[in-house]
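Given next are the chains, with one letter for each unit.
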Amino acid sequence: MKTTLLRGNKRMRMRHLRVVVALTATGFAMAGCATSTPGTPTAADHATNSPTTTSGPTNRSSSANAGPSLAPRVANPKNLRGQDACQLLTPQQQTQLTFTQPGKKGTSIFGEPECDWSNGNLRIYLALDTKRRGLEETYLRKERFPDFTPSTVAGYPAVRTGLNDKIKSCRVDLGVADDQVLYINFDRNSRTNPEYEDPCGFAEKVGKMVLDNLPPAG
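Residues numbered from 1 in each chain as written. Predicted model: local features only at pLDDT ≥ 70, side-chain atom pairs only at ≥ 80, totals over all residues. Heavy atoms only, no water.

## Some words on the overall build of the protein
When helices and strands are tallied, the protein shows 4 helices and 7 strands. Counted from the first residue to the last, the protein has its helices and strands arranged as α-α-β-β-β-α-β-β-β-β-α. Sorting the 218 residues of the protein into buried and exposed places 44% on the buried side. Partitioning the intrachain contacts of the protein with sequence separation of at least 6 by distance along the chain shows that 60% fall at a separation of at least 24. About 11,900 Å² of surface is accessible on the protein, with carbon and sulfur atoms providing 57% of the total. (Helix = DSSP H or I, 4+ residues; strand = E, 2+ residues; numbered from the N terminus. Buried < 20%, exposed > 50% of the residue type's maximum accessible area, 1.4 Å probe, protein only. Contact = heavy atoms within 4.5 Å. Areas by Shrake-Rupley, 256 points an atom, 1.4 Å probe, with all protein chains shown as cover.)

## Comments concerning the packing of aromatic side chains
Under the defined criterion, the tally for this structure stands at 6 aromatic pairs. Measuring from centroid to centroid gives 5.6 Å for F186 and Y196, while their planes differ by 50°, and the two rings are tilted. With F186 in strand β7 (residues 180–188) and Y196 in the loop between β7 and α4 (199–213), this pair connects stretches of sequence that are 10 residues apart. We classify Y196 as buried; its relative accessible area is 2%. Site record: aromatic cluster; members linked through ring pairs are F186, Y196 and F202. (Phe/Tyr/Trp six-rings, centres within 6.5 Å; stacked < 30°, edge-to-face > 60°.)

## Considering the sheet that holds strand β6 (residues 169–177)
Spatial strand order, β1-β2-β3-β7-β6-β5-β4: 7 strands in an open sheet with antiparallel pairing. In this open sheet, the two edge strands, each paired with only one partner strand, are β1 (104–107) and β4 (149–153). Across the sheet, the mean angle from the axis of one strand to that of its neighbour is 25°, orientation sign disregarded. Together, β3 (122–129), β4, β5 (156–160), β6 and β7 form the strand contacts of α4, whose direction differs from that of β6 by roughly 30°. (Pairing = 2+ DSSP bridges. Axes fitted to C-alpha atoms, helices over the stretch in contact; angles between N-to-C directions.)

## What about the environment of L128?
Looking at where L128 falls in the secondary structure, it is placed in strand β3. Between the C-alpha atom of L128 and that of I184, which follows or precedes it by 56 residues, the distance is 9.3 Å. Contacts of L128, omitting those with residues within four sequence positions, involve L80, Q83, A85, L88, S108, F110, E112, P113, V181 and L182.

## Re the nonpolar core
Grouped together as the largest cluster of nonpolar side chains are 33 residues, with contacts concentrated most on L88, I124, L126, L174 and L182. Elements supplying a minimum of two residues to this core: β2 (113–118), β3, β5, β6, β7 and α4. Among the elements that line this core, the one with the most residues is α4, at 7 residues. Not counting the four nearest positions on each side in its chain, L182 is found in contact with L80, L88, L126, A127, L128, V172, D173, L174 and V210. Residues A71, A127, L135 and V159 belong to the second largest nonpolar core, which totals 11 residues. (Core = buried A, V, L, I, M, F, W, Y, C linked by side-chain atoms within 4.5 Å.)

## Observations regarding the confidence of the model for the protein
This prediction gives the protein a mean pLDDT of 79; 69% of its residues lie at or above 70. Note that pLDDT drops below 50 for residues 1–37; the model gives that stretch 2 contacts with residues more than four away or on any other chain. Note that residues 47–65 has pLDDT below 50 and, in this model, 39 contacts with residues that lie over four places away or in other chains. (pLDDT = per-residue confidence, 0-100.)

In structure tokens, the structure reads:
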């Protein structure tokens, strides 16, 4: 009888050990899935606000009208809503940026189009955010970013939120309308172009290219 009990206890301990190992492995797997490319917009950046949808192009969503705006207003809004992220740059502009292959399409954490171009020289990432409060979302979460430097791109309000001067990368949040923002990431992959030494300036140059292609809101 004693031998039987000992064997039973041993089997229970082995089952418990297998469960612990399985749970630990699951935890590591989930942690691995939480990683993202540095500078790319993440759920953590915007965790305190669920998306507020709007219908049709408008200057400001109803949620943004709830109180005073922290972000500068957009004087001449453009329409980013419904655009194909990989078509925001013309073929000529993509060639100018040294890209010879089309960008890789995807869906961002906001459920909207994103596009990623990369080669041996540089990486450019564009993501749309048109269903919430535009650049106001960035201002409301300024403490979440490694740096927060207001800027302008061709007269449009922007914020440099992800400068890493060591590796020459930068993220710029560009307000194209009061309720629409374009996220632009630049990463230097080579030293072939002196412009890459100013990563935020180069990201803003790309933003200017996109603005030139966008239709006015209305």
